Amino acid sequence: MKHMKYVWLLILLVCNKASSSIGCDRYHFYRPSFLRVQAGGSNGSHDKDRVTSLFQKDDDTEKLLTNELKQCEGEVIDTHLHTAPWFDNSEKLVTELEASNVSIGLLYNPYPKMSLPYDVNTYVTSIAASSNGKVFALASLNTTHDDWESNREFEINRLKSFLTKDHKSVLGAKLAPPHTCLPLEGPVMDDVVEAVHQSDKKLLAIHIGTTPFCGPVGEQFGIRCNCTEEHVNPALLIPKIESYPDVTFCLLHSGHEFLPPDSPYYYDFKFADQCIAMARAYPNVYLSISALFAQTPDGTLKYPGGAEIVRKMKEAGVTHKVFWGSDASFHQGQIRPVLITAIKAMIDAGWTQEERTWTLRGCARHVFKIPPTEKKE
């Protein structure tokens, strides 16, 4: 497939956390053969975090999913997809979504600190625009320039050009601060939020939480990311949230921990608590449960703690501010298991059927203003 090596590198930089895995310390990642290296295996001993029977179509799991789909009127929306080596057109992606019981997907990638033979926004929007309403996109810009002032006009115009009514498949903007070393406060964020505010698509989705690339995986590939508080603390966004009430802020991953407890960038879920508090306090703040249930092929959760975050959301009364996303599009066959695990976690946490249905479809339609699906005659 054309440019797939470059697409893979882009994916690597933006961290498809829910992809399948091979050994790399205690956290694992699939990579194509041209990047594959020998790595130590996992001990696979996380029994308490094991998800059973997700990759088998057992009767109980099928009944559970069938019931949820019925309540959702057959529509589930995956709000967190990234480009991947296995697809380069909408047809392949839509086929995978349908096989995963997903009706509509939201596709996006930030710009990495590297030269690519294509424009990221053009690539993702071309897939979305040709999907017949099955895939939509978020636009981004390159915030990695060492001299922002010299590149500011070009990059802001790049973003704004895709946030117009003419781009019907684009629903808002996306940033990934830890992956692009973008502080949540400062001139770049000031410019981005103002540009979104002035646009026709007043929505900004921001990766909130750490990334595995701040650990051994980033070191292995020579990727520079930054997981210090200025890049991952959602409270730093509060002045913008208060100053721009017409802009919807989506805190993707809800401050989840993607590094182990012995990492210097492990925050013991305090940012997850902060995200929940902000969703409760501000009407223009929404949360996602994306990548919280990333799994290895045998059903082991890669980043423990997702079920606890879902429980806290229920206890805080913010289930109406939450939408689901898989962040599992890198490897085929991963979206469906992540969907099932999320449903089970919501049930275990006491979410009502109405709350689950809202999270799986209604909230995404409301927040991203997804156009109504044309019913087939």
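These numbers come from a predicted model, not from an experiment.

Peer 1: Quick question: what am I supposed to make of helix H3 (residues 90-99) here?
Peer 2: Since the α-helix advances by 3.6 residues per turn, residues separated by three or four positions end up pointing in the same direction. Within the sequence span of H3, burial applies to Ser-90, Leu-93, Val-94, Glu-96 and Leu-97. Looking straight down H3, one finds its buried side chains confined to an arc of 160 degrees; they lie on one side. Away from the buried face of H3 by more than 90 degrees, exposed residues Glu-91 and Ala-99 are located. At its buried positions, H3 is contacted by strand E1 (77-81), strand E2 (104-107), helix H4 (120-129), strand E3 (135-139) and helix H13 (335-348).

Peer 1: Would you mind going over the pairing of strand E7 (residues 285-290) with me for this structure?
Peer 2: The side chains of a regular strand alternate between both faces of the sheet. With respect to burial, E7 is a largely interior element, six of its six residues being buried. A two-sided burial pattern is seen for E7, the buried positions comprising Val-285, Leu-287 and Ile-289 on one face and Tyr-286, Ser-288 and Ser-290 on the other. Bridging between strand E6 (residues 248-256) and E7 involves three bridges; their strand directions are parallel. Following the sheet pairing, Cys-250 is matched in E7 by Tyr-286. You can see the chain leave E6, run along helix H11 (residues 270-281) and come back into E7, and the turn it takes is right-handed. Sheet topology note: the E7/strand E8 (residues 322-325) ladder contains four bridges and is parallel. Paired with Ser-288 across the bridge in E8 is Phe-323.

Peer 1: When you look at the sheet that holds E3 in this model, what are you seeing that I'm missing?
Peer 2: Strand pairing in a sheet takes place through backbone hydrogen bonds and is either antiparallel or parallel in direction. As summarised here, the arrangement of the eight strands in space is E1-E2-E3-E4-E5-E6-E7-E8, forming an open sheet in which the pairing is parallel. This sheet does not close on itself; its edge strands, each paired only once, are E1 and E8. Averaged over all neighbouring strand pairs, the angle between strand axes comes to 30 degrees, with direction disregarded. The pairing of strand E5 (residues 203-209) with E6 spans six bridges and is classified as parallel. Its bridge partner lying in E6, Leu-204 is registered against Phe-249. The sheet strands contacting helix H12 (residues 306-316) are E6, E7 and E8, and the helix crosses E7 at an angle near 150 degrees.

Cut-offs used in this document
Residues numbered from 1 in each chain as written. Predicted model: local features only at pLDDT ≥ 70, side-chain atom pairs only at ≥ 80, totals over all residues. Heavy atoms only, no water. Buried < 20%, exposed > 50% of the residue type's maximum accessible area, 1.4 Å probe, protein only. Helix = DSSP H or I, 4+ residues; strand = E, 2+ residues; numbered from the N terminus. Arc of directions from axis to C-beta. Contact = heavy atoms within 4.5 Å. Pairing = 2+ DSSP bridges. Right-handed = clockwise from strand over helix to strand, strands pointing away. Axes fitted to C-alpha atoms, helices over the stretch in contact; angles between N-to-C directions.

Take it as geometry only, folks, not as evidence of what the structure does.
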